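If you want the building blocks of each chain, they are given just below.
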Amino acid sequence: MNETWNEMFAFMDRLGAVLDDMTAIQREKADAVLRDDLLAVDGCMKREQAITLSLRSMDQKRSKLLNALGLGDVAASSLPALCPPEKRAEAKAASEKLLQRFGVYRSAADAARTVLEVNLHQIEKIIETRSDGVSETGSGLADIRA
């Protein structure tokens with residue numbers, strides 16, 4: 001059983017590393033948006049999608065580990081209270097580290113989303129401003145068919 005707990009702690013560390021990668025991507029994406037670098041934003045989004053696919057398999061691994069430990073679907077923060085007394089300190093440290101990494105990721109993701117939303121709002125305003133002067137042809141260009 002102790003070996004399974006060690007596997008769980010190693011898994012939590014790997015998940016934390018993935019969150020660190022996602023955090024870096026969120027920061028890159030926000031910077032790319034601020035630079036109006038659509039290719040870089042697209043590249044970040046593709047990397048996010050690839051990581052999201054790996055997270056699905058990691059979730060299956062987490063579920064298997066929890067089942068092997070005789071636990072249901074419990075949150076990482078609950079692990080210290082549910083593990084054997086000799087593993088509690090390690091479980092607490094692993095849980096806190098993972099939750100801290102998740103918090104950093106959420107902050108970076110929220111910041112990136114805000115930058116994207118602001119940029120999209122600015123684009124919408126530009127489109128509205130330009131469409132106010134559109135001719136009856138709808139293209140904003142002179143009608144030269146006459």
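Residues numbered from 1 in each chain as written. Predicted model: local features only at pLDDT ≥ 70, side-chain atom pairs only at ≥ 80, totals over all residues. Heavy atoms only, no water.

1. Describing helix H1 (residues 2-34)
Look at H1: 48 Å from first C-alpha to last across 33 residues, which is about the 48 Å you get at 1.5 Å a residue. Trailing H1 by a residue or two, Asp 36 shows a phi angle of about 60°, which is positive. (Helix = DSSP H or I, 4+ residues; strand = E, 2+ residues; numbered from the N terminus. Expected span 1.5 Å × (residues − 1).)

2. Concerning the layout of surface pockets
In this structure, the largest pocket spans a volume of roughly 170 Å³. Residue lining of the largest pocket: Ala 32, Val 33, Asp 36, Asp 37, Leu 38, Val 41, Leu 116, Asn 119, Leu 120 and Ile 123, and that is the complete set. If you list the elements that add at least two residues to the lining of the largest pocket, you get H1, helix H2 (38-68) and helix H4 (88-131). The greatest single-element share of the lining of the largest pocket, amounting to four residues, is contributed by H4. When the residues that make up the lining of the largest pocket are grouped by side-chain class, the tally is seven nonpolar, one polar and two charged. (1 Å grid on protein atoms, 1.4 Å probe; cavity = no way out; pocket = protein on both sides within 12 Å on 5 of 7 lines; lining within 4 Å. Points joined across faces, edges and corners; volume = space filled by probe spheres on them. Nonpolar A, V, L, I, M, F, W, Y, C, P; charged D, E, K, R; others polar.)

3. Focus: the nonpolar core
With 25 residues, the main nonpolar core has Trp 5, Met 8, Phe 11, Met 12 and Leu 79 as its most contacted residues. Put simply, the parts of the chain that give this core at least two residues each are H1, H2 and H4. Every residue in contact with Phe 11, bar those within four places of it in the chain, is listed here: Met 58, Lys 61, Arg 62 and Leu 65. Core analysis: the next-biggest nonpolar cluster, separate from the first, contains six residues, Ala 30, Ala 32, Val 41 and Val 115 among them. (Core = buried A, V, L, I, M, F, W, Y, C linked by side-chain atoms within 4.5 Å. Buried < 20%, exposed > 50% of the residue type's maximum accessible area, 1.4 Å probe, protein only. Contact = heavy atoms within 4.5 Å.)

4. Some thoughts on the confidence of the model for the protein
With 90% of its residues at a pLDDT of 70 or more, the protein has an overall mean of 88. Contacts of residues 140-146 to residues separated by more than four positions or lying in other chains number five contacts, the stretch itself having pLDDT below 50. (pLDDT = per-residue confidence, 0-100.)

5. Some thoughts on the environment of Leu 69
By the secondary structure assignment, Leu 69 is in the loop between H2 and helix H3 (79-82). For Leu 69, a relative accessible area of 8% gives the class buried. For the pair Leu 69 and Leu 82, spaced 13 residues apart in sequence, the C-alpha separation works out to 9.6 Å. Apart from the residues lying within four places of it in its own chain, the contact partners of Leu 69 are Met 1, Thr 4, Trp 5 and Met 8.

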